[in-house]
Amino acid sequence: MPSLHMNAPDGAFAETVIMPGDPLRAKYIAETFLDDAKQVTDVRNMLGFTGSYKGEPLSVMAHGMGTPSALIYCTELVQHYGVKRMLRVGSCGAVHPDVQLRDIIIAQGASTDSAAMKQRLGPFDFAATASYGLLEKAVNSARALGTQHRIGSIFTSDLFYWPEGDIYDRLAKYNILAIEMEAAAVYSVAAEFGVEALAIATVSDHIRTGAALSTEERQTTFDQMIELGLATVSA
Ligand code: ADE
């Protein structure tokens, strides 16, 4: 039976799913890193694949851009398809002066401006945090692989284009390393249904300095991040 937004049959997804935002990135990951990958869903061109990695079943499913899109795909993966582990692999814009282009951020927690997240705990704020087991595996894997990484908190925003203001200074003051658009959503679904989640993200641009990775550098750091993600979920 398909879910509302995916046309994969029951049992089509592995218990562990790697989740980029971009459907074509999902296709690239499946074709480049998985064995025997087959496309399992294509509704709205939001592509998903299942294959294996080191002999274990593994899926890749795109979650699109922003909190509402990520909430839909993550909720259906967990509720409808029985997924137990979601690893978001994305990009982010740095706001903290200590963060450098090419760093891979392992997101311990995600603050957010998302109105959707406010509905989680009624009048209170939900603290979106990574699952410790996955976080520890990612950190150990990054150290073993020699991957340039930072562990810390990020900000999941509904806005990509911010109005003028001091928001970036305020985020950096609270030791927030970078901005992206989905981690808090993925963490909140994992918390709601008692499954595991982690987000890792390459620093593709530095919002304070305007520096940005070239297309080739984006590809190289993206590949490094996928290798870190695969080491994490297979550890
Ligand atoms: N992803 C990559 N760069 C970003 C930025 N500057 N803001 C939000 N998400 C991003």
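Predicted model only: the values in this text are computed from it and were never measured.

A. Structural view of the site of the ligand. Lining the immediate surroundings of the ligand are Ser91, Cys92, Gly93, Phe160, Ile179, Glu180, Met181, Ser204, Asp205 and Ile207. Between the ligand and Asp205, the relevant distance is 2.7 Å, taken from a nitrogen atom to a side-chain nitrogen or oxygen of the residue. Elements represented by at least two residues in the shell around the ligand include exactly β5 (85-94), β9 (176-180) and β10 (196-206). With 3 residues, β5 is the largest single contributor of residues to the shell around the ligand. Here the residues of the shell around the ligand sort into 5 nonpolar, 3 polar and 2 charged.

B. Representation of the packing of aromatic side chains. All told, the structure shown has 6 aromatic pairs when counted by the stated rule. With 6.2 Å between their ring centres and 80° between their planes, Tyr28 and Phe33 make a pair best called edge-to-face. The exposure class of Phe33 is buried, given its relative accessible area of 15%. When the ring of Trp162 is compared with that of Tyr168, the centres are 6.3 Å apart and the planes differ by 70°; the resulting orientation is edge-to-face. Among the aromatic residues, those joined into a cluster by ring pairs are Tyr28, Phe33 and Phe222. In this structure, Arg25 is placed above the aromatic ring of Phe222, and the distance from its NZ or CZ to the ring centre is 3.9 Å. Geometry around Tyr174 places Lys173 over its ring, the cationic atom sitting 5.8 Å from the centre.

C. Here's a closer look at the nonpolar core. If you look at the biggest cluster of nonpolar residues, it comprises 73 residues, and the most contacted ones within it are Phe13, Met61, Leu77, Met86, Ile106 and Leu198. Discounting chain neighbours no more than four positions away, the residues touching Ile106 are Leu135, Ala138, Val139, Ala142, His149, Arg150, Ile151, Gly152, Leu198, Ala199, Ile200 and Leu228. Val95, Leu171, Ile176 and Ile179 belong to the second largest nonpolar core, which has 6 residues in total.

D. Structural detail: the UniProt feature "binding site: phosphate" (unreviewed entry) in the protein chain. Under the UniProt annotation, the feature "binding site: phosphate" (unreviewed entry) is placed at Gly21, Arg25, Arg44, Arg88, Val89, Gly90 and Ser91. Relative to the helices and strands, Arg25 resides in helix α1 (residues 23-33). On the accessibility criterion, Arg25 (22% relative accessible area) is partly exposed. When near neighbours in sequence (up to four residues on either side) are disregarded, Arg25 contacts Pro20, Gln219 and Phe222. Here Val89 lies in strand β5. Val89 sits in the buried class, given a relative accessible area of 2%. In contact with Val89, not counting residues within four places along its chain, are Ile18, Met19, Pro20, Gly21, Ile29, Ile200, Met225 and Ile226.

Basis of the calculations
- Residues numbered from 1 in each chain as written.
- Predicted model: local features only at pLDDT ≥ 70, side-chain atom pairs only at ≥ 80, totals over all residues.
- Heavy atoms only, no water.
- Near = heavy atom within 4 Å.
- Polar contact = N/O pair within 3.5 Å; in protein donor to acceptor, adjacent residues only side chain to side chain.
- Helix = DSSP H or I, 4+ residues; strand = E, 2+ residues; numbered from the N terminus.
- Nonpolar A, V, L, I, M, F, W, Y, C, P; charged D, E, K, R; others polar.
- Phe/Tyr/Trp six-rings, centres within 6.5 Å; stacked < 30°, edge-to-face > 60°.
- Buried < 20%, exposed > 50% of the residue type's maximum accessible area, 1.4 Å probe, protein only.
- Lys NZ or Arg CZ within 6 Å of the ring centre and 35° of its normal.
- Core = buried A, V, L, I, M, F, W, Y, C linked by side-chain atoms within 4.5 Å.
- Contact = heavy atoms within 4.5 Å.
- UniProt positions renumbered as here; feature names shortened; annotations may be inferred.

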